[in-house]
Amino acid sequence: MEILVIVRLCCNCTYVWVLLDRPWVAHSMLTHIQDLLKHTPSDHPDYPLLQDALRISQNFLSSINEDIDPRRTAVTTPKGETRQLIKDGFLVELSEGSRKLRHVFLFTDVLLCAKLKKTAVGKHQQYDCKWYVPLADLVFPSPEESEHCPQVHVIPDHELEDMKMKISAIKSEVQKEKANKGQSRAIERLKKKMFENEFWLLLNSPAIPFRIHNRNGKSYLFLLSSDYERSEWREAIQKLQKKDLQAFVLSSVELQVLTGSCFKLRTVHNIPVTSNKDDDESPGLYGFLHVIVHSAKGFKQSANLYCTLEVDSFGYFVSKAKTRVFRDTTEPQWNEEFEIELEGSQSLRILCYEKCYDKTKLNKDNNEIVDKIMGKGQIQLDPQAVQTKNWHMDVIEMNGIKVEFSMKFTSRDMSLKRTPSKKQTGVFGVKISVVTKRERSKVPYIVRQCIEEVEKRGIEEVGIYRISGVATDIQALKAVFDANNKDILVMLSDMDINAIAGTLKLYFRELPEPLLTDRLYPAFMEGIALSDPAAKENCMMHLLRSLPDPNLITFLFLLEHLKRVAEKEPINKMSLHNLATVFGPTLLRPSEGESKGHLTLASDIWSHDVMAQVQVLLYYLQHPPISFTELKRNTLYFSTDV
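The chain appears in an unreviewed UniProt entry as Active breakpoint cluster region-related protein from Coturnix japonica.

Okay, structure coming up:
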């Protein structure tokens with residue numbers, strides 16, 4: 001009778017909760033079950049049930065007792081085999097039309113998706129299993145199947161950029177409070193708000209779909225921020241599936257024990273947001289990372305090859321640059337340089353792809369990358385090693401492929417200095433009034449030609465003005481424009497469009513003073529902060545009229561171009577807000593003498609000044625067309641002295 005009572009208890013979910021809440025009871029029951037097994041004949045009908053009860057108890061105790069299993073990497077399968085945790089991490093699942101943060105665990109034979117349960121203070125934290133798929137039943141959808149999946153709603157970039165600004169503003173407040181030895185309660189309140197905003201960003205930024213199917217018909221969809229992560233998960237699962245795996249169904253008890261073990265087995269403890277970091281952890285690098293992708297070797301057969309570069313930003317990874325496709329080769333020689341903006345970044349990733357030109361193989365899923373990943377690798381950005389004036393050469397190994405690259409870092413305050421040209425013969429670093437007078441033009445030739453080329457063949461390019469052009473190409477164009485070479489137009493027509501867009505940005509960035517002038521900068525900052533719409537309109541228009549004619553005409557010329565780019569937002573993904581974020585600081589950031597003290601903190605990359613610079617340009621971009629003639633003819637007066 002005693003045996004039956006124990007077995008019934010073991011096969012009931014209540015037993016699991018007894019174990020979870022009172023592990024000392026589990027130790028006692030384990031000893032009791034072992035004694036019962038010794039005195040139970042192997043042909044007794046309850047013998048298999050007692051074996052299951054013993055296995056479940058041992059499995060649970062191994063997951064909660066670090067002395068028994070110090071590595072905390074294994075649990076036991078229904079067959080008595082060792083089930084190891086291979087990989088785990090936080091992923092965003094699209095479930096019932098909304099985004100949910102899940103902790104996903106990949107074991108040797110099963111993929112388990114869980115969420116952390118809310119528990120009372122002092123209680124042992126637990127995971128709640130949302131679903132699981134045995135790896136024997138897990139399949140990846142084909143491109144054709146993906147066509148029929150619902151489209152993923154992508155959060156507009158400007159909403160993500162707005163949230164980055166809010167997070168950075170709060171981060172600056174926290175740093176200032178600490179510097180001034182502010183109240184700990186105020187700091188905690190700011191940190192809580194920062195965590196909420198970071199969590200929103202983490203939840204809403206991923207847009208790359210990662211779909212899996214259960215052979216039984218159920219499908220699941222995760223959203224990732226990088227093709228790197230998707231490849232990691234897919235490769236880890238496919239590697240395990242090469243083994244002889246059998247389909248199975250976990251009982252409710254086994255599932256709860258497995259889920260209960262996840263808390264101890266997990267290797268990733270915190271969701272990847274910056275406020276989770278300790279104060280003594282590296283805040284990452286703020287500034288510009290210059291990377292030259294030299295070459296690659298190790299390919300077994302010729303292919304059309306290119307590389308992409310990613311860096312981490314606000315807890316997730318962002319693609320920043322892409323080399324050209326080197327066709328039909330086993331040893332591509334790119335030798336292309338890129339300038340990548342860092343926002344507290346700590347890692348650089350390089351992914352090597354084989355370009356797919358076969359239209360029949362295209363996957364029409366939203367944001368789906370169809371090109372095949374040949375290799376991928378990641379390195380940590382060590383501030384001491386990177387922050388030198390000299391190039392640092394390195395090799396990254398990926399699946400037998402070796403990619404050679406060089407890099408160096410420039411701090412933000414150094415890279416954004418406006419340095420006047422020592423010679424006044426070129427166009428870069430020369431006052432715009434000098435250039436237009438010399439050319440006898442209203443708008444500098446370099447501005448007109450770059451804009452004309454972008455509108456001719458780059459206005460539908462995804463990420464135009466945001467994706468980095470090859471730095472060596474940009475420098476070549478800069479030299480040609482400075483020398484006023486007669487082959488400029490031929491060179492422009494042959495050059496990659498991102499390099500031309502980068503040349504235009506570089507021209508405005510290297511002006512000895514901003515296009516909207518140092519003198520008017522404080523007034524622009526005051527004007528954009530006005531709350532009364534009529535007063536703001538009067539002030540902002542008055543400020544434009546106060547600009548020198550070459551500056552004003554060039555600004556209006558650029559403004560109309562950026563509006564035309566934004567009209568193609570459904571194709572190029574560049575909204576007015578995106579363009580304001582790219583060009584605002586470039587057109588307004590004061591010259592070195594005016595900007596001392598502006599960048600005092602690392603997070604001032606998104607300081608109040610930078611946010612205001614973006615808002616100034618956005619105001620004019622959202623304004624109805626502004627005519628130079630009408631603007632000059634208008635005689636509205638505004639009392640502010642500019």
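## Points about the overall build of the chain
A tally of helices and strands in the chain yields 24 helices and 17 strands. Within the chain, the fraction of its 642 residues that count as buried is 52%. In the chain, once contacts between residues fewer than 6 apart in sequence are set aside, the share between residues at least 24 apart is 72%. Surface summary for the chain: the accessible area is close to 31,400 Å², and the carbon and sulfur share equals 50%.

## Some points on the nonpolar core
Generally speaking, a soluble globular protein has its nonpolar side chains buried in company with each other. Ranked by internal contacts, the top residues of the largest apolar core, which has 72 residues, are Tyr465, Phe508, Phe524, Phe555 and Tyr620. In this structure, Ala303, Leu342, Met407 and Phe409 belong to the second largest nonpolar core, which totals 29 residues.

## Considering the packing of helix 19 (residues 549–567) against helix 21 (residues 576–588)
Where helix 19 contacts helix 21, the two axes come as close as 10 Å, and the packing angle between them is 155°. Taken together, the axes of helix 19 and helix 21 are roughly antiparallel relative to one another. Pair helix 19 / helix 21 crosses with right-handed handedness. When helix 19 is examined against helix 21, the residues Phe555, Leu558, Leu562, Lys563, Val565 and Ala566 are found in contact with a partner set consisting of Leu576, Leu579, Phe583 and Leu587. Of the residues assigned to the contact of helix 19 with helix 21, the class counts are 9 nonpolar, no polar and 1 charged.

## Structural notes on the layout of surface pockets
One number sums up the size of the second largest pocket: a volume of about 910 Å³. In terms of lining residues, the second largest pocket is bounded by 40 residues, among which Glu229, Pro272, Gly315, Tyr316 and Phe317 are the most central. Counting only elements with at least two residues in the lining of the second largest pocket, the list comes to strand 2 (82–95), strand 8 (219–224), helix 8 (227–241), strand 10 (303–313), strand 11 (316–322), strand 13 (333–345), strand 14 (347–354) and strand 15 (372–380). For the lining of the second largest pocket, the leading source of residues is strand 2, giving 6 residues. Looking at side-chain class alone, the lining of the second largest pocket contains 18 nonpolar, 12 polar and 10 charged residues.

## So, the pattern of salt bridges
The full count for this structure, using the stated rule, is 17 salt bridges. Across the pair Lys87 and Glu232 runs a salt bridge whose closest N-O atoms are separated by 3.6 Å. With Lys87 in strand 2 and Glu232 in helix 8, this residue pair connects regions lying 145 residues apart in the sequence.

## Brief notes about the environment of Pro134
Within the fold, Pro134 resides in strand 5 (residues 127–134). Overall, Pro134 belongs to the buried group, its relative accessible area being 4%. A C-alpha to C-alpha distance of 6.2 Å links Pro134 and Ala247, two positions 113 residues apart in sequence. Discounting residues that sit within four places of it in the chain, Pro134 has contacts with Asp109, Val110 and Phe248.

## Some words on the pairing of strand 4 (residues 110–116)
Burial analysis of strand 4 places 5 of its 7 residues in the buried class, the great majority of the element. Of the pairings in the sheet, the one linking strand 3 (residues 98–107) to strand 4 comprises 4 bridges and is antiparallel in character. What sits directly across from Phe105, in strand 4, is Leu112. Remark: 2 residues form the turn of the hairpin made by strand 3 and strand 4, two consecutive strands paired antiparallel. Bridging between strand 4 and strand 5 involves 7 bridges; their strand directions are antiparallel. From the neighbouring strand, Lys115 faces strand 5, where its bridge partner is Asp128.

## Considerations on the sheet that holds strand 9 (residues 285–297)
Spatially, 13-9-17-16 is the arrangement adopted by the 4 strands of the open sheet, whose pairing is antiparallel. Of all strands in the sheet, those with a lone pairing partner are strand 13 and strand 16 (392–398), marking the two edges. Here the strands of the sheet are splayed against their neighbours by 30° on average, with no regard to which way each runs. Pairing of strand 16 with strand 17 (residues 401–411) involves 7 bridges; the strand directions are antiparallel. If you follow Asp394 over to strand 17, its bridge partner there is Phe405.

## Details of a positive patch on the surface
Together, Lys100, Lys115, Lys118 and Lys130 line one region of the surface with positive charge. Looking at the secondary structure, you find Lys130 in strand 5. According to the relative accessible area criterion, Lys130 is partly exposed, its value standing at 38%.

## Some details on the state of the cysteines
Considering all chains together, one arrives at 0 disulfides under this definition. Unpaired in terms of disulfides, Cys262 finds its nearest cysteine sulfur in Cys129, a separation of 8.0 Å. Summary of cysteine pairing: Cys307 is not part of a disulfide, and the nearest cysteine sulfur, belonging to Cys352, is at 4.1 Å.

## A word on the packing of aromatic side chains
All told, the structure shown has 14 aromatic pairs when counted by the stated rule. Here the aromatic rings of Tyr507 and Phe508 are separated by 5.4 Å at their centres, their planes lie at 65°, and the arrangement is edge-to-face. Relative accessible area serves as the criterion here: at 0%, Phe508 is assigned to the buried category. Pairwise contacts between aromatic rings join Trp131, Phe140, Phe210, Tyr220 and Phe222 into one cluster. Sitting over the face of the ring of Phe263, Arg266 holds its NZ or CZ atom 3.9 Å from the ring centroid. Its guanidinium or amino end placed over the ring of Tyr306, Lys322 lies 4.9 Å from that ring's centre, counting from NZ or CZ.

What counts as what
- Residues numbered from 1 in each chain as written.
- Predicted model: local features only at pLDDT ≥ 70, side-chain atom pairs only at ≥ 80, totals over all residues.
- Heavy atoms only, no water.
- Helix = DSSP H or I, 4+ residues; strand = E, 2+ residues; numbered from the N terminus.
- Buried < 20%, exposed > 50% of the residue type's maximum accessible area, 1.4 Å probe, protein only.
- Contact = heavy atoms within 4.5 Å.
- Areas by Shrake-Rupley, 256 points an atom, 1.4 Å probe, with all protein chains shown as cover.
- Core = buried A, V, L, I, M, F, W, Y, C linked by side-chain atoms within 4.5 Å.
- Axes fitted to C-alpha atoms, helices over the stretch in contact; angles between N-to-C directions.
- Parallel < 35°, antiparallel > 145°, perpendicular 65-115°, else oblique.
- Left-handed = near helix turned anticlockwise from the far one by under 90°.
- Nonpolar A, V, L, I, M, F, W, Y, C, P; charged D, E, K, R; others polar.
- 1 Å grid on protein atoms, 1.4 Å probe; cavity = no way out; pocket = protein on both sides within 12 Å on 5 of 7 lines; lining within 4 Å.
- Points joined across faces, edges and corners; volume = space filled by probe spheres on them.
- Salt bridge = Lys/Arg side-chain N within 4 Å of Asp/Glu carboxyl O.
- Pairing = 2+ DSSP bridges.
- Patch = residues over 30% accessible without salt bridge, like charges linked within 9 Å, V, L, I, M, F, W, Y side chains within 5 Å.
- Lys, Arg positive; Asp, Glu negative; His and termini not counted.
- Charge placed at Lys NZ, Arg CZ, Asp CG, Glu CD.
- Disulfide = S-S within 2.5 Å.
- Phe/Tyr/Trp six-rings, centres within 6.5 Å; stacked < 30°, edge-to-face > 60°.
- Lys NZ or Arg CZ within 6 Å of the ring centre and 35° of its normal.

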